[in-house]
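# Summary of the model geometry
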Amino acid sequence: MLSLSDWITTLSLVFGGCCSNAITLEHITSRYPNAGVLITFFQFLIVSLYGLPKQFTFNDPPESKHTTNGPNGTMSAPTTPRRRWIPRLKNRKVPLLPYFIQVALFFVLSTLNNAAFAYHIPMTVHIVFRSGGMIINMILGWIFTKKRYTARQVVSVLVVTVGIIITTLSASKPKSHAAEVDTPDVSLYAMGISILGLALVLSGFLGLIQDWVFARYIAPAQAEAASNPTGQSSWQENMFYLHSLALPLFYFSKDNISMELTRMSSSPPVLLSLPQSGPLAPYGAGLLVPSIFVYLLLNTCTQLVCVVGVNRLTGRVSSLTVTLILTVRKAISLLLSVAFYGGQGNTEMWAGAGLVFIGTIGYSTGSKSKDQKEKKD
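This text gives an overview of the structure that appears in the document. It should be emphasised that the depicted structure is a prediction, and the values quoted were computed from it without experimental measurement.

### Focus on the overall build of the protein
- In terms of helices and strands, the protein carries 13 helices and six strands.
- Counting contacts in the protein only where the partners sit at least 6 residues apart, residues at least 24 apart contribute 80% of the total.

Okay, here's the thing in structure tokens:
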């Protein structure tokens with residue numbers, strides 16, 4: 001059970017980090033729509049660097065020694081961990097092979113989600129479309145794990161599907177005052193929606209694998225972790241390996257990353273003034289940097305805050321609570337997107353978004369009702 005201070009901290013990370021990240025992401029991609037791989041690289045890098053110190057230890061693995069307990073036998077007692085000069089990685093709860101499979105899926109779907117902006121996908125559609133993952137999860141769960149769903153869950157998924165279709169079509173219509181100019185963009189838009197759809201399918205498979213990993217490795221280790229307060233949380237290990245093991249994959253996109261950095265370096269410069277107090281104050285020192293780099297830095301830092309918040313939330317509350325909180329977060333991000341940048345909201349889009357969020361909440365509450373009924377039975 002989370003304390004009040006834990007709730008405040010976690011929700012501040014989720015809403016503050018994720019919502020501000022969506023704003024900076026839209027600012028960057030609206031000016032540099034092909035920067036998706038570059039943005040993903042910096043996001044993975046900062047999360048890896050943040051988690052790295054928590055994965056190292058200067059203690060040797062704990063060993064057991066045998067002590068005599070009377071004439072009839074011996075008992076095993078843990079030895080005091082020995083200190084070492086060279087750090088080592090902490091023992092993992094999950095083997096590397098399951099991580100490699102998760103990393104491959106996580107890397108591809110993260111890259112696809114950010115790359116979709118190059119195909120004229122508005123942030124509003126991006127947010128709503130990615131909220132439809134439960135459709136894929138239901139289908140994959142029914143096929144591969146033989147899950148059964150309540151009538152409320154099925155109806156909720158149908159409502160979400162209709163909402164996504166309405167939202168997608170509302171943004172695909174060319175503007176009446178420039179139909180000749182915008183018509184060729186419809187094919188690009190359709191390609192972007194296909195990319196988001198593929199990312200949703202991969203996300204569904206990733207969810208299945210994560211459920212299996214949790215049941216196979218993490219859940220059995222939770223009892224041991226409860227008796228060992230010095231051990232690291234499973235969400236910290238998972239967050240680190242999912243991001244760090246994916247970093248070598250960006251080697252294949254080095255040309256794209258280099259080209260986008262070069263393009264961004266030509267953006268209008270902005271002067272970052274140093275503090276007005278201290279030894280440099282009389283010189284009025286400052287740093288002149290391309291303005292878009294400021295937004296890239298903010299996006300990278302807020303992504304770290306968002307990832308930490310979501311992982312903290314996932315590791316401490318039920319999946320139902322996580323779904324509801326993240327649904328509210330996406331709704332706020334949608335409102336902020338329209339408030340800050342405007343020009344994307346229309347009646348059809350809002351109707352579709354409303355159906356998606358209502359369906360998501362209905363699906364979550366339907367899952368809770370099913371669990372309660374099974375307990376009674």
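### Quick notes on helix α2 (residues 36-51)
- In this model, α2 (16 residues) spans 23 Å end to end at C-alpha, consistent with the 22 Å of a helix rising 1.5 Å per residue.
- If you check which residues of α2 are buried, you get G36, V37, L38, I39, T40, Q43, F44, I46, V47, S48 and G51.
- Lining the buried residues of α2 we find α1 (4-31), α3 (96-115), α9 (234-244), α10 (254-264) and α11 (291-314).

### Regarding unusual backbone geometry
- In the Ramachandran plot, H120 falls in the positive-phi region, its phi being about 60 degrees despite a non-glycine side chain.
- Note on placement: H120 falls in the loop between α3 and α4 (123-130).
- Take H120: its relative accessible area is 42%, and that puts it in the partly exposed class.
- A positive phi angle is found at K146, which is not glycine, with a value near 60 degrees.

### Some remarks on the packing of aromatic side chains
- If you walk through the whole model with that rule in mind, you get 11 aromatic pairs.
- Centre to centre, the rings of F107 and F250 are 4.9 Å apart; their planes meet at 85 degrees, and the pair counts as edge-to-face. With F107 in helix α3 and F250 in the loop between α9 and α10, this residue pair connects regions lying 143 residues apart in the sequence. F250 carries the same exposure label as F107, and that label is buried.
- A ring pair is formed by W212 and Y217, whose centres lie 5.8 Å apart and whose planes are at 85 degrees; its orientation type is edge-to-face.
- The partly exposed category is assigned to W212, whose relative accessible area is 46%.
- Its relative accessible area of 19% is what places Y217 among the buried residues.
- An aromatic cluster is present here, built from F41, F42, F44, F106, F107 and F250 joined pairwise through their rings.
- One residue, R216, lies across the ring of Y217, its end atom 4.8 Å from the ring centre.

### Here we look at the side chain of R329
- On the secondary structure map, R329 appears in helix α12 (residues 319-341).
- The side chain of R329 is buried and forms no salt bridge, while E26, the nearest opposite charge, is found at 11 Å.
- Non-local contacts of R329, meaning those with residues more than four positions away in its chain, are made with V14, F15, C18 and C19.

### Quick word on the pattern of salt bridges
- Going through the model one piece at a time under the given rule, you end up with one salt bridge.
- Between E260 and R263 there is a salt bridge, and its shortest N-O distance comes to 3.2 Å. You can see E260 and its partner R263 sitting in helix α10, three residues apart, about one turn around the helix.
- The class of E260 is buried, set by a relative accessible area of 1%.
- According to the relative accessible area criterion, R263 is partly exposed, its value standing at 34%.

### A closer look at the packing of α2 against α10
- Interaxial distance between α2 and α10 falls to 8 Å at its minimum, and their mutual angle equals 100 degrees. The orientation of α2 with respect to α10, classified from their angle, is roughly perpendicular. Packed against α2, whose contacting residues are V37, L38, F41 and F42, the element α10 presents N256, I257, E260, L261 and M264 at the interface.
- When the residues that make up the contact of α2 with α10 are grouped by side-chain class, the tally is seven nonpolar, one polar and one charged.

### Focus: a nonpolar patch on the surface
- Together, I139, W142, I143, F144, L198, V201 and F205 line one region of the surface with nonpolar side chains, adding up to about 650 Å² of accessible area.
- Only α5 (133-144) and α8 (185-226) provide two or more residues apiece to the nonpolar patch.
- Here the nonpolar patch gets four residues from one element, more than from any other, and that element is α5.
- Along the chain, F205 falls in helix α8.
- Among the residues examined, F205 registers a relative accessible area of 31% and is labelled partly exposed.

### Some thoughts on the nonpolar core
- One finds I121 and M264 to be the most contacted residues of the largest nonpolar core, which totals 59 residues.
- Sorting elements by how many residues they give to this core places α8 first, with 12 residues.
- Those residues in contact with I121 that lie beyond four places of it in its chain are A116, H126, Y189, G192, I193 and L196.
- C306, L313, V322 and L326 belong to the second largest nonpolar core, which has eight residues in total.

### Here's the deal with the environment of R148
- Along the polypeptide, R148 turns up in the loop between α5 and α6 (151-172).
- Separated by 10 residues in the primary sequence, R148 and M138 have C-alpha atoms spaced 8.8 Å apart.
- At 3.2 Å, the side chain of R148 forms a polar contact with the backbone oxygen of K146.

### With respect to the packing of α2 against α11
- Across the interface, α2 lies against α11 with an axial gap of 9 Å and an inter-helix angle of 50 degrees. Taken together, the axes of α2 and α11 are oblique relative to one another. When the axes of α2 and α11 are compared, the crossing they make is right-handed. Two secondary-structure elements touch here, α2 through L38, I39, F42, Q43, I46, V47 and Y50 and α11 through L296, N299, T300, C301, Q303, L304, V307 and V308.

About the thresholds
- Residues numbered from 1 in each chain as written.
- Predicted model: local features only at pLDDT ≥ 70, side-chain atom pairs only at ≥ 80, totals over all residues.
- Heavy atoms only, no water.
- Helix = DSSP H or I, 4+ residues; strand = E, 2+ residues; numbered from the N terminus.
- Contact = heavy atoms within 4.5 Å.
- Expected span 1.5 Å × (residues − 1).
- Buried < 20%, exposed > 50% of the residue type's maximum accessible area, 1.4 Å probe, protein only.
- Phe/Tyr/Trp six-rings, centres within 6.5 Å; stacked < 30°, edge-to-face > 60°.
- Lys NZ or Arg CZ within 6 Å of the ring centre and 35° of its normal.
- Lys, Arg positive; Asp, Glu negative; His and termini not counted.
- Salt bridge = Lys/Arg side-chain N within 4 Å of Asp/Glu carboxyl O.
- Axes fitted to C-alpha atoms, helices over the stretch in contact; angles between N-to-C directions.
- Parallel < 35°, antiparallel > 145°, perpendicular 65-115°, else oblique.
- Nonpolar A, V, L, I, M, F, W, Y, C, P; charged D, E, K, R; others polar.
- Patch = residues over 30% accessible without salt bridge, like charges linked within 9 Å, V, L, I, M, F, W, Y side chains within 5 Å.
- Areas by Shrake-Rupley, 256 points an atom, 1.4 Å probe, with all protein chains shown as cover.
- Core = buried A, V, L, I, M, F, W, Y, C linked by side-chain atoms within 4.5 Å.
- Polar contact = N/O pair within 3.5 Å; in protein donor to acceptor, adjacent residues only side chain to side chain.
- Left-handed = near helix turned anticlockwise from the far one by under 90°.

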